[in-house]
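As a plain string of letters, each chain reads:
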Amino acid sequence: MTTPLRIGILGAAGITPNSLIAPAAGNPSVGLTAVAARNRARAEEFAAAHGIARVLDSYEDVLADPDIDAVYIPLPNSEHGRWTVAAVDAGKHVLVEMPFASNLAEAEAVAAHVAESGLVVMEAFHYRYHALMAEVLRLVADHTIGDLVDVSAWFDIRLEDRGNIRYQQDLAGGSTMDLGCYSLHFVRSVAGEEPEVVSAVARPSTDPRLDEALTAEVRFPSGVTGTISSSLLEDEERQTAVVTGTLGRIEVEGFVLPQLGNSLTVIVGDETSTIEVPHDPTSYAAQLQVFVDAVRSGAALLTGPEDSVANMRAIDAMYVAAGLQPRD
């Protein structure tokens, strides 16, 4: 029997119970070995709540532990690049939350560093591994709606707490970094090309350097167009995408967290059909299995460092087009 992949966790982030702990509980190929946080008491509370056997004093201790094969990094955006490099230097495989880095220059530097390591580094765009996205891509590849004309996506939430890290410029916050990166990734994945940012408009937060909302118009080399949009503060939450072709369109609801509810509607001419997509396995469970397979057998990643660099290149371009600076 293969020994489970032993994963250490950097930080006691609120996303971790859903993104890693729950899927790991149902995956015998994974063992959650240890956790560390900036505050040891917080780490101890987290470990007790989620059945993690060991609490270590620091992130460095997690990386130095010989009984850990890989690490999960759900830290603030500004810390992703730094700790990915540190983990690779310690010989650990890495599953890092999106965005991969704070800006394009950092993403390129991290990717170059990773390339020399031979280790698996995966950006956690979990939605990309769910059956909903696979079905969208199948419909496009089958020309169900004809040739592609436009791919657009919107991700809006309502987050009123201005103390949240998403509203912190020095932590590489902003709507695009937290939400818009999903909209962008969806559009890039469906188009199968890299976009040119034609224009962008941002709604600044209370910190004028930070985008509370941002919408960008893009064009791909094939001529396909797209809209990429996100907002941290809207009255109605949505995760919506529309894929338009010469014969019709695909309407997607719930593309970011499809396990919490989704719908896939295909409209061609006067005919409308709905495709049922299973919620399970969840996008997080599917992502974790791909990560394990990549480590164990070299399975290909859809969201490896090369893809991460391309996504960050477009993010920086969106900020510049909107009159904002890329994150530091």
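Throughout this document, residue positions are counted from 1 along each chain, in the order its sequence is written. For this predicted model, a pLDDT threshold of at least 70 governs which residues receive local features, and a threshold of 80 or more governs which side-chain atom pairs are given and counted, while totals over whole chains, interfaces and linings are taken from all residues. Note: side-chain values were computed over all heavy atoms of the structure, leaving out hydrogens and water.

Peer 1: Before we move on, could you go through the overall build of the protein and cite the residues and values that matter?
Peer 2: Assigned secondary structure in the protein consists of 9 helices and 14 strands. Dimensions along the principal axes, computed over C-alpha positions, put the protein at roughly 60 × 50 × 40 Å. With a 1.4 Å probe rolled over the protein chains alone, any residue whose accessible area is under 20% of its type maximum counts as buried; one over 50% counts as exposed, and the rest are partly exposed. Burial statistics for the protein: of 328 residues in total, 57% are counted as buried. Accessible surface computed for the protein: about 13,600 Å², of which carbon and sulfur atoms make up 50%. The convention is simple: Lys and Arg are positive, Asp and Glu are negative, and His and the chain ends are not counted. Charge coordinates come from a single atom per side chain, which is NZ of Lys, CZ of Arg, CG of Asp or CD of Glu. For the protein, the separation between the mean place of its 21 positive charges and that of its 46 negative charges on side chains is 4 Å. By the criteria applied, helices consist of DSSP H or I runs no shorter than four residues and strands consist of E runs no shorter than two, each listed in order from the N terminus. Accessibility throughout is a Shrake-Rupley quantity obtained with a 1.4 Å probe, and a residue counts as covered only by protein chains that appear here.

Peer 1: Before we move on, could you go through the nonpolar core and cite the residues and values that matter?
Peer 2: Note on terminology: a nonpolar core comprises buried Ala, Val, Leu, Ile, Met, Phe, Trp, Tyr and Cys residues joined through side-chain atoms within 4.5 Å. Residues Tyr-182, Phe-186, Val-243, Val-252 and Phe-255 are the most contacted members of the largest nonpolar core, which totals 77 residues. Counting residues per element, this core draws most heavily on helix α7 (residues 175–191), which supplies 9 residues. Residue contacts are defined here by distance: any two heavy atoms, one from each residue, within 4.5 Å place the two residues in contact. When sequence neighbours within four positions are dropped, the list of residues in contact with Phe-255 reads Tyr-127, Leu-132, Ala-153, Trp-154, Tyr-182, Ser-183, Phe-186, Gln-239, Thr-240 and Ala-241. Counting residues in each nonpolar core, the second largest holds 30 residues, with Ile-9, Leu-20, Ala-70 and Val-295 among its members.

Peer 1: Quick rundown of the sheet that holds strand β2 (residues 30–36)? Include the residues and the values.
Peer 2: Taking strand neighbours across the sheet as the criterion, the 6 strands line up as β3-β2-β1-β4-β5-β6 in an open arrangement whose pairing is parallel. Every interior strand has two partners, whereas the edge strands, β3 (54–55) and β6 (121–123), have only one. Note: strand β1 (residues 5–10) against strand β4 (residues 70–73), 3 bridges, orientation parallel. Its bridge partner lying in β4, Ile-9 is registered against Tyr-72. Sheet contacts for helix α1 (residues 16–25): β1, β2 and β4; angle to β2, the most-contacted strand, approximately 140 degrees. Where helix α4 (residues 77–89) meets the sheet, its contacts fall on β1, β4, β5 (93–96) and β6, and the angle it forms with β5 comes to roughly 165 degrees. One bridge is not enough; two strands pair if DSSP finds at least two bridges between them. Helix axes are fitted to C-alpha atoms over the stretch in contact, other axes to C-alpha atoms as well, and angles between N-to-C directions run from 0 to 180 degrees.

Peer 1: Tell me about the pattern of salt bridges, and please be specific about residues and values.
Peer 2: Every case where a carboxyl oxygen of Asp or Glu lies within 4 Å of a side-chain nitrogen of Lys or Arg is listed as a salt bridge. Counted under the stated rule, the structure contains 21 salt bridges. A salt bridge links Arg-313 to Glu-108; its shortest N-O distance comes to 3.3 Å. Here Arg-313, found in helix α9 (residues 305–321), pairs with Glu-108, found in helix α5 (residues 104–115); they are 205 residues apart in sequence, far enough to count as distant. Look at Arg-313 and you get partly exposed, because its relative accessible area is 41%. Between Glu-251 and Arg-249 there is a salt bridge whose closest N-O contact spans 2.8 Å. Using a relative accessible area of 26% as the deciding quantity, one classes Glu-251 as partly exposed. With a relative accessible area of 34%, Arg-249 lands in the partly exposed category. Here the salt bridges share partners, and the residues they tie into one network are Arg-162, Arg-203, Glu-212 and Glu-234.

Peer 1: Give a detailed account of the packing of aromatic side chains, specifying residues and quantitative values.
Peer 2: To pair, rings of Phe, Tyr and Trp, with the six-membered ring standing in for Trp, must have centres within 6.5 Å; the planes then decide the type, stacked if under 30 degrees apart, edge-to-face if over 60, and tilted in the middle. Going through the model one piece at a time under the given rule, you end up with 7 aromatic pairs. Their ring planes at 80 degrees and their centres at 5.8 Å tell us that Phe-155 and Tyr-182 sit as a pair that is edge-to-face. With a gap of 27 residues between them, Phe-155 in strand β7 (residues 148–158) and Tyr-182 in helix α7 connect regions that are remote in the sequence. Taken as a pair, Phe-155 and Tyr-182 share a single burial class, namely buried. With centroids separated by 5.0 Å and ring planes inclined at 55 degrees, the aromatic side chains of Phe-186 and Phe-255 adopt a geometry described as tilted. Of this pair, Phe-186 sits in helix α7 while Phe-255 is found in the loop between β12 (248–253) and β13 (263–268), placing the two residues 69 residues apart along the sequence. Take Phe-186 and Phe-255: they sit in the same class, and that class is buried. A ring is scored as having a charge over it whenever the NZ atom of a lysine or the CZ atom of an arginine sits within 6 Å of its centre and within 35 degrees of its normal. The cationic tip of Arg-162 hangs over the ring face of Tyr-167; the distance from NZ or CZ to the ring centre is 4.7 Å. Against the face of Tyr-319 rests Arg-327, its NZ or CZ located 4.1 Å from the ring centre.

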